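Listed here are the chains, written in short residue letters.
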Amino acid sequence: PEWIKRADIESYNKGASAYTLPAELLPATDERPSEYPIVRAAAYFQQAALQSTDDRLLTLALYNLGTLMGKDSLTVLSNNTPWFGLMEGISKLEDAIRVDPNNDSAKYNLEFLEKLQDAIIQRPMSEQMPMAALVQKPGHSLGEDVDKGF
């Protein structure tokens, strides 16, 4: 169908596809350099958000970008180096809510990341590692994964 040929939808769907790939280095393409799936997915979601004039697609792209960044920022709690920062995830989720104030998934994830940020700020550096316990408690995790294709 003609609507699926839209550049914003194509970028969004490429982001959703990249997000589901195994976490190994991806080969370069004509469009993208060699990179990890999370970085490629973020680039495509960002591209979709910049291209789209459709508020439904825009809020999904921003929600997925913010959720992806938020999940990635949690890797610091397991001694892994995150690609993105917690503030970036929060900012994208805030943008998603500005576009669609009824986006409950974005509101939930935003609240979770803000609470996590507050807890991290309030703890001295020597006590940072026990923060992993906060994320592992039942009922304390980011909401829905990155959405499927549009």
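Everything in this summary refers to the structure shown in the same document. Given the structure is predicted, the values throughout are model-derived calculations rather than measurements.

**Remarks on the side chain of aspartate 8**
- Relative to the helices and strands, aspartate 8 is located in helix α1 (residues 7-19).
- Residue classification places aspartate 8 among the buried residues on the basis of a relative accessible area of 7%.
- Discounting residues that sit within four places of it in the chain, aspartate 8 has contacts with Ala48, Gln51, Ser52, Thr53 and Leu57.

**Describing the packing of helix α2 (residues 37-51) against helix α3 (residues 55-73)**
- Contact geometry of α2 with α3 gives a least axis separation of 8 Å together with a crossing angle of 150 degrees. One way to sum up the angle between α2 and α3 is to call them roughly antiparallel. Between α2 and α3 lies a crossing of left-handed hand. For the pair formed by α2 and α3, the contact residues are Ile38, Ala41, Ala42, Phe45, Gln46, Ala48 and Ala49 on the first element and Leu58, Ala61, Leu62, Asn64, Leu65, Leu68 and Asp72 on the second.
- The residue makeup of the contact of α2 with α3, split by class, is 11 nonpolar, two polar and one charged.

The rules behind the values
- Residues numbered from 1 in each chain as written.
- Predicted model: local features only at pLDDT ≥ 70, side-chain atom pairs only at ≥ 80, totals over all residues.
- Heavy atoms only, no water.
- Helix = DSSP H or I, 4+ residues; strand = E, 2+ residues; numbered from the N terminus.
- Buried < 20%, exposed > 50% of the residue type's maximum accessible area, 1.4 Å probe, protein only.
- Contact = heavy atoms within 4.5 Å.
- Axes fitted to C-alpha atoms, helices over the stretch in contact; angles between N-to-C directions.
- Parallel < 35°, antiparallel > 145°, perpendicular 65-115°, else oblique.
- Left-handed = near helix turned anticlockwise from the far one by under 90°.
- Nonpolar A, V, L, I, M, F, W, Y, C, P; charged D, E, K, R; others polar.

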